[in-house]
Amino acid sequence: MDEFAEALRTAITNRGLGLERLREHLSQNGVSVSMATLSCWQTGRSRPERQKSLQAVVHLEHILRVPPGHLSELLGPPHPRGRRLRRAPAPVSAFWPVPAPVEHALHDLDTQWDDQLLRVSQQDFVTIGADRTERVFRSRQVLSASMNGPDRWVVILHADDHDRPSPLVKALKNCTVGRVVQEPAEGLLVAELLFERPLRKGESVVIEHELVNQAPCPPATNYERKFRLPTREYVLEVTFQGAPPASVVQLADGSEVAPGRTLLDVALNVRPGVRGFSWSWS
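The following refers to the structure shown. (Residues numbered from 1 in each chain as written. Predicted model: local features only at pLDDT ≥ 70, side-chain atom pairs only at ≥ 80, totals over all residues. Heavy atoms only, no water.)

## Points about the sheet that holds strand β4 (residues 168-173)
Heads up, the condition is: Whether two strands pair comes down to DSSP finding at least two bridges between them. Numbering of helices and strands starts at the N terminus; helices are DSSP runs of H or I of at least 4 residues and strands are runs of E of at least 2. Working convention: axes come from line fits to C-alpha atoms, limited for helices to the stretch in contact. Angles between N-to-C directions cover 0 to 180 degrees.
If you trace the 6 strands from one edge of the open sheet to the other, you get β4-β7-β2-β1-β9-β12, paired in mixed fashion. Each having just a single partner strand, β4 and β12 (262-270) make up the two edges of the open sheet. Adjacent strand axes in the sheet meet at a mean angle of 15° when their direction is disregarded. Pairing between β4 and strand β7 (residues 204-212): 5 bridges, direction antiparallel. Residue pairing in the sheet places K170 in a bridge with E210 of β7.

Next up, the structure:
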């Protein structure tokens with residue numbers, strides 16, 4: 001009996017989603033999986049083995065609201081000589097549709113501490129100008145060290161519009177800006193936020209920073225936060241300085257949200273995946 005297929009089939013049934021709707025949710029998270037593939041996975045005719053398929057399983061766990069790592073642990077060996085897949089965090093680049101540019105941008109930065117920082121709270125405050133452009137992204141993180149040594153937080157920004165200047169990175173509280181890597185052709189910006197000193201095991205830190213777009217600012221149609229590891233609390237506030245959008249969709253579940261001058265998303269015990277909003281003006 002294929003335990004993975006049975007668990008996936010049960011989770012899909014409990015969630016009440018058809019395969020087409022499940023495929024749409026994955027697509028909204030930047031993951032492309034066909035209905036035929038999903039059908040094969042839930043019936044046991046095939047199983048996820050390639051890296052992209054394993055990344056899709058992480059997203060499925062979030063969409064189907066099962067404990068992180070539950071489906072991955074049931075996959076077992078990917079081929080006869082393989083070792084059993086252990087529960088482990090997805091790589092830093094896992095939640096981008098094309099991971100290679102992210103991995104290239106991170107190559108010269110120190111990301112060794114990322115898995116050792118417990119995400120206690122993530123708060124994002126987004127300002128959309130009256131001209132419907134992205135102006136400022138301000139973020140506040142509460143982090144706790146699981147071992148001695150963490151001394152930085154790495155920020156990754158992916159812009160939809162690649163023809164605009166990269167935003168300025170500003171440290172606001174308990175951190176300074178370290179190395180900044182820009183990949184304009186890919187719309188990527190990666191920056192280190194250095195703590196005032198390395199953290200000891202069990203010690204926490206509150207840091208704040210902002211990304212300020214330069215003119216001409218990019219048009220605003222969405223904001224999304226990618227979660228590679230579980231986060232205890234997430235707060236997102238999007239403020240429109242001009243008229244509110246005509247329609248809004250919440251990225252976590254694809255549900256429609258009443259438009260307004262302020263959009264608010266508050267979530268506890270957030271699993272790996274994507275949260276945020278997308279909107280249209282007409």
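## What to know about the pairing of strand β10 (residues 247-250)
Selection criterion: Only protein chains enter the calculation, and the probe is 1.4 Å; a residue is then buried if its accessible area is under 20% of its type maximum, exposed if over 50%, and partly exposed in between.
Every second residue of β10 is oriented toward a common face, the buried set being V248 and Q250 and the non-buried set S247 and V249. In this structure, β10 lies alongside strand β11 (residues 256-257), joined through 2 bridges in antiparallel fashion. Each residue of the ladder has a partner; that of V248, found in β11, is V257. Connecting β10 to the next strand, β11, in antiparallel fashion are 5 residues, including G254 with a positive phi near 75°.

## Here's the deal with the nonpolar core
The line we're drawing: Only buried Ala, Val, Leu, Ile, Met, Phe, Trp, Tyr and Cys residues count toward a nonpolar core, and they belong to the same one when joined by side-chain atoms within 4.5 Å. Here, residues are in contact when the closest pair of their heavy atoms is within 4.5 Å.
Within the largest apolar cluster, 33 residues are counted, with the highest numbers of intra-cluster contacts made by I128, W153, F195, I207, V238 and W279. With residues up to four places along the chain from it excluded, the contact list for I207 reads S139, R140, Q141, L143, W153, K173, N174, C175, L193 and F195. Judged by nonpolar contacts, the second largest core, of 21 residues, contains V31, L38, A56 and V57.

## Describing the environment of Q182
Note the following rule: Here a polar contact is recorded for every N or O atom pair within 3.5 Å, except that within protein the pair must consist of a potential hydrogen donor and a potential acceptor, and residues adjacent in sequence are included only if both atoms are side-chain atoms.
Looking at the secondary structure, you find Q182 in strand β5 (residues 175-183). On the basis of relative accessibility, which here comes to 43%, the residue Q182 falls in the partly exposed class. Residues contacting Q182, with those up to four places away along its chain left out, are S166, L188 and L189. One polar contact links Q182 to S166, side chain to side chain, over a distance of 3.0 Å.

## Brief notes about the side chain of D124
By the element assignment, D124 lies in strand β1 (residues 117-128). A polar contact is formed between the side chain of D124 and the side chain of Q122, at a distance of 2.8 Å.

## Comments concerning the pairing of strand β3 (residues 152-158)
A large share of β3 lies buried, amounting to 5 of its 7 residues. Alignment of β3 against strand β6 (residues 188-195), held across 7 bridges, turns out to be antiparallel. Looking across to β6, one finds that W153 is bridged to L193.

## Thoughts on the packing of aromatic side chains
Basically, it comes down to this: By convention, a stacked pair of Phe, Tyr or Trp rings (six-membered ring in the case of Trp) has centres within 6.5 Å and planes under 30 degrees apart, an edge-to-face pair has planes over 60 apart, and any other such pair is tilted.
On inspection of all chains with the given rule, the structure shows 4 aromatic pairs. On the basis of an interplanar angle of 90° and a centroid distance of 5.6 Å, the ring pair of F240 and W281 is categorised as edge-to-face. Taken together, the residues span a long stretch of sequence, with F240 in strand β9 (residues 231-240) and W281 in the segment after β13 (273-280) at a distance of 41 residues. Classification of F240 as buried rests on a relative accessible area of 2%.

## Notes on the sheet that holds β5
Sheet architecture is open: 3 strands sit in the order β3-β6-β5, paired in antiparallel fashion. One side of each edge strand has no neighbouring strand; the edge strands of this open sheet are β3 and β5. Sheet twist, expressed as the average angle between the axes of neighbouring strands with direction ignored, equals 20°. As paired strands, β5 and β6 are joined by 7 bridges and run antiparallel to one another.

## Things to note about empty space enclosed by the protein
To find leftover empty space, a probe the size of one water molecule is rolled over the atoms. Going by this rule: Every definition here rests on a 1 Å grid over the protein atoms only: cavities are sets of points where a 1.4 Å probe fits but cannot get out, pockets are open sets enclosed by protein on both sides within 12 Å along at least five of seven lines, and lining residues have some atom within 4 Å of a point. Grid points are joined across faces, edges and corners, and a volume is the space filled by probe spheres set on the points. Gly falls in the polar group here, along with every residue not listed as nonpolar (Ala, Val, Leu, Ile, Met, Phe, Trp, Tyr, Cys, Pro) or charged (Asp, Glu, Lys, Arg).
Scanning the entire structure with this criterion turns up 1 cavity of 30 Å³ or more. Looking at the largest cavity, its volume works out to about 40 Å³. The element best represented in the lining of the largest cavity is β3, accounting for 3 residues. For the lining of the largest cavity, the class distribution of residues is 4 nonpolar, 1 polar and 3 charged.

## Quick notes on helix α3 (residues 35-43)
Applied cut-off: Directions from the helix axis toward the C-beta atoms define the arc.
Among the residues making up α3, those that are buried are L38, W41 and Q42. The buried residues of α3 occupy an angular sector of 90° when projected down its axis, which confines them to one face. Close packing links the buried residues of α3 with α1 (3-15), α2 (19-28) and α4 (51-63).

## What to know about unusual backbone geometry
Peptide bonds are trans in most cases, and residues, glycine excluded, mostly fall at negative phi. Residue A215 is joined to P216 through a cis peptide bond whose omega torsion reads -5°. Within the secondary structure layout, P216 lies in the loop between β7 and β8 (222-227). A positive phi angle, near 65°, is found at R132, a position not held by glycine. By the secondary structure assignment, R132 is in the loop between β1 and β2 (134-145). Phi at N269 is positive, roughly 50°, even though this residue is not glycine.

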